[in-house]
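Understanding the architecture of this molecule
What follows is the residue order along each chain.
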Protein chains: 2
Amino acid sequence: MKYEAITIKDIAKDLGLSTSTVSRALRGSYEISAETRKLVLEYAEKLNYRPNPIALSLKEKRSRSIGIVVCEIANNFFSQVINGIESVAYKKGYYVIISQSHESFEREVANTQYLASRSVDGLLISLSTETTDLSHLNKLHDKGLPIVFFDRITEEMSTHKVIANNFNGAYQATEHLIREGFRRIAHLTISPHLSITKERLAGYKAALADHHLPYDESLVQYCKYGGLIDAETMEAVDNLLALKEKPDALVAASDKLSTGCLAALARRKVRVPEEMAIVGFTNSLLTDIFHPALTSVRQPAFEMGQVAMEMLIDLIESKHPITKFETRVLNTELSVRSSSLKV
Amino acid sequence: MKYEAITIKDIAKDLGLSTSTVSRALRGSYEISAETRKLVLEYAEKLNYRPNPIALSLKEKRSRSIGIVVCEIANNFFSQVINGIESVAYKKGYYVIISQSHESFEREVANTQYLASRSVDGLLISLSTETTDLSHLNKLHDKGLPIVFFDRITEEMSTHKVIANNFNGAYQATEHLIREGFRRIAHLTISPHLSITKERLAGYKAALADHHLPYDESLVQYCKYGGLIDAETMEAVDNLLALKEKPDALVAASDKLSTGCLAALARRKVRVPEEMAIVGFTNSLLTDIFHPALTSVRQPAFEMGQVAMEMLIDLIESKHPITKFETRVLNTELSVRSSSLKV
DNA sequence: ATGAAAGCGCTAACAT
DNA sequence: ATGTTAGCGCTTTCAT
């Protein structure tokens, strides 16, 4: 009942050669006569021989495949990053295995372990909101597994990292709202310990400070699951609406939070931007057809994927252990649409 | 520089046992004394021993992993299907490997071959728009690799399949528009040879016929890449707008086509639904915040994933070769919103 | 109840 | 230039 592939042994037997000769001929070793090589290659071609990557992995402890761990693929930002990763991987002959943590620490651990045990040559990871303990990654990293972090990174590990300029992105978003004349600007964000949360919060605070606006903690709402759970976003928005001094504008820190709060405000019949202006971190391609058109901070997601994959290949293919690591910061882009315009 | 995992050999050496004893103890063979078993299990636990799935795959020619091939993951429908697949896989102890064809036949072939050579125990696939030749799948299937098709299926292979009731979905969408009073209803759809295209087109035609409306070929626009390429959707919409007798309504046959034509119409300053009403096949969760709110035919994507995975596990775990195959048809759901209402 | 050894597909060190 | 053999981690038959 199972796929029986052609093996090197089959070829060897049929041709009356040894497996090692066949193996060498196949990989073009110079010690094989042109004649034999041609014979083997043609016969292999005829039989549509494909080397068994499992056997190769077992032998070589490498697989020319890399693992990706993200929280969700049903997310514009992450699916664009993945496409960037794939574009480089494909060119360089690496296969990509995608897995989702669904923002669960447990799933993240299970996925990384599985990928490692499957001999991936490296790991590209954006941490789940639940993750604070990094021992699962540290262990693998200490044992030599190349890891590159993107987007949701950690200070606790020395390796290559790629992020968007989250500070600037949030700063620009906030400043834009201030310049439009909004004064009580809320910030809807993710789990407080995530790197992106901290960076974006800092940008938001800095813009307020630079424009002499007070920082009011009650205007910052944390959504542990970053928009994955509708009720959570709804509650955060309700909290803001319940304040004695309601905010007049809002910076949403993620893709799902942006659309989620747009939906939540619609359900609460709050007009955007009249009663609440919005700028959202989002990579949605649909910002123009939202109601209202959504002002966005776009992250260079595809590029982030490309850079991350290139960095990972650097680590994987480097002859010498690398000790000097780099954190690349890519610029975000603010696109102003009607959701953030003073009327 | 590579992850060196604990092996059965390490345990055997440390404990002064043979590898076979350790192996048997680990898998709870009854021929091992309770004492030895306990010793081994505890020691393995202490060392955090994990069996090497690569070695297992090589030996057993199975991997407890399954492969998914979809055109794109950056797509509400497919990412929801994948989540459905994962939910069942996780429960049943299967690992899921996701790959994208990007609507390219070549990539689809490469992906299926790679997955097969990686000893996946089965394949879940939704065909690319380019695919007409099925020999890559037929070969694998003939050699015993279990395959389940979902969404974009083929008549040419006998195996389990899951689809939405595309005929009904399109019928209901079209009929709804007719009942609202629209008379020239266009159909924006994907590649003509895809199963879903045929089924939806048939539903559209049937609704027209049942309501004594003429079928006009010029009202059907095919987008080979199903919305993947913006320019293509734009052109199709322009074609419709250029007709001497413009349509007053439109049924879009996919997720990306629905949002794509909403965007295209906005760019052409065509008001929806006043000048053109729309019903779209979409699983977007954002239909309410589109402008205007988008009437949708929703497919039970998560459920489709669950059913597909259950069917695949049936095939994989069946003791006897299965010869009686099933095509499950799941109901769609029409949700009326403002984009399709006569004003 | 336990061990020795073969074998899954492949590569590479070591013969010849 | 080609063959023999060991070994990657594991299971499993065959001995004991």
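Residues numbered from 1 in each chain as written. Chains lettered and ligands numbered in written order. Predicted model: local features only at pLDDT ≥ 70, side-chain atom pairs only at ≥ 80, totals over all residues. Heavy atoms only, no water.

An unreviewed UniProt entry annotates chain A as LacI family transcriptional regulator originating from Puia dinghuensis.

Here we come to the overall build of chain A. Tallying secondary structure elements over chain A gives 12 helices and 12 strands in all. In terms of overall size, chain A is more extended than a compact globule, its C-alpha atoms giving a radius of gyration of 25 Å where 343 residues would be expected to give roughly 20 Å. Across its three principal directions, the C-alpha atoms of chain A cover 85 × 40 × 30 Å. By sequence separation, contacts in chain A at least 24 residues apart represent 72% of the contacts at least 6 residues apart. Of the accessible surface of chain A, which amounts to about 14800 Å², a share of 51% is contributed by carbon and sulfur atoms. (Helix = DSSP H or I, 4+ residues; strand = E, 2+ residues; numbered from the N terminus. Rg over C-alpha atoms; globule rule 2.2 N^0.38 Å. Contact = heavy atoms within 4.5 Å. Areas by Shrake-Rupley, 256 points an atom, 1.4 Å probe, with all protein chains shown as cover.)

Before going further, it helps to spend a moment on unusual backbone geometry. With omega at -5°, the peptide bond leading from A:His291 into A:Pro292 counts as cis. Within the secondary structure layout, A:Pro292 lies in the loop between β9 (277–281) and β10 (295–298). Of note in this structure, B:Lys61 is not a glycine but carries a positive phi near 55°. Position of B:Lys61 relative to the elements: it lies in the loop between α4 (53–60) and β1 (65–70).

All names here are of chain A. A sheet is described by the order of its strands in space; here six strands give the open sequence β7-β6-β8-β9-β10-β12, paired in mixed fashion. Lying at the two open borders of the sheet, with one neighbouring strand each, are β7 (220–222) and β12 (333–335). Adjacent strand axes in the sheet meet at a mean angle of 15°, parallel and antiparallel pairs treated alike. Bridge count between strand β8 (residues 249–252) and β9: four bridges; the pairing is parallel. Counted as the bridge partner of alanine 252 is glycine 280 from β9. Helix-sheet contacts for helix α9 (residues 195–210) involve β6 (185–189), β7 and β9, and the interaxial angle to β6 is about 175°. Against the sheet, helix α11 (residues 255–267) engages β6, β8 and β9, with an angle of about 155° to β9. (Pairing = 2+ DSSP bridges. Axes fitted to C-alpha atoms, helices over the stretch in contact; angles between N-to-C directions.)

Here we come to the protein's contact with DNA strand C. A:Ile8, A:Tyr49, B:Thr21, B:Arg24 and B:Lys59 are the nearest of the 27 residues found near DNA strand C. A share of 63% of the atoms of DNA strand C within 4 Å of the protein falls on sugar and phosphate groups. Here a phosphate oxygen of DNA strand C and a side-chain polar atom of A:Tyr49 are 2.7 Å apart. Here a base oxygen of DNA strand C and a side-chain polar atom of A:Lys59 are 3.4 Å apart. Looking at the surface near DNA strand C, the elements that each hand over two or more residues are α1 (8–15), α2 (19–26) and α4 (53–60) of chain A together with α2 (19–26) and α4 of chain B. Here the surface near DNA strand C gets four residues from one element, more than from any other, and that element is α4(A). Class assignment for the residues of the surface near DNA strand C results in eight nonpolar, 10 polar and nine charged. (Near = heavy atom within 4 Å. Polar contact = N/O pair within 3.5 Å; in protein donor to acceptor, adjacent residues only side chain to side chain. Nonpolar A, V, L, I, M, F, W, Y, C, P; charged D, E, K, R; others polar.)

A word on the interface of chain A and chain B. With 52 residues of chain A at the contact, the number on the chain B side is 52 residues. Between chain A and chain B, a total of about 5200 Å² is buried, with carbon and sulfur atoms accounting for 59% of that surface. Measuring nitrogen to oxygen at the nearest pair gives 4.0 Å for the salt bridge that ties A:Glu86 to B:Arg107. Those elements that provide at least two residues to the side of chain A that touches chain B are α4, α5 (76–92), β2 (95–100), α6 (105–117) and α11 of chain A. Looking at the side of chain A that touches chain B residue by residue, the class counts come to 25 nonpolar, 16 polar and 11 charged. (Buried area = accessible area lost by both parts, 1.4 Å probe. Salt bridge = Lys/Arg side-chain N within 4 Å of Asp/Glu carboxyl O.)

We now examine the sheet that holds strand β8 (residues 249–252) of chain B. All names here are of chain B. Reading across from one edge, β7-β6-β8-β9-β10-β12 is the order of the six strands in this open sheet, with mixed pairing throughout. A single partner strand is all that each edge strand has here, and the edge strands are β7 (220–222) and β12 (333–335). Each strand axis lies, on average, 15° off the axis of its neighbour in the sheet, ignoring direction. Relative to β12, strand β10 (residues 295–298) runs antiparallel, the two sharing three bridges. Bridge pairing links valine 297 to leucine 334 in β12.

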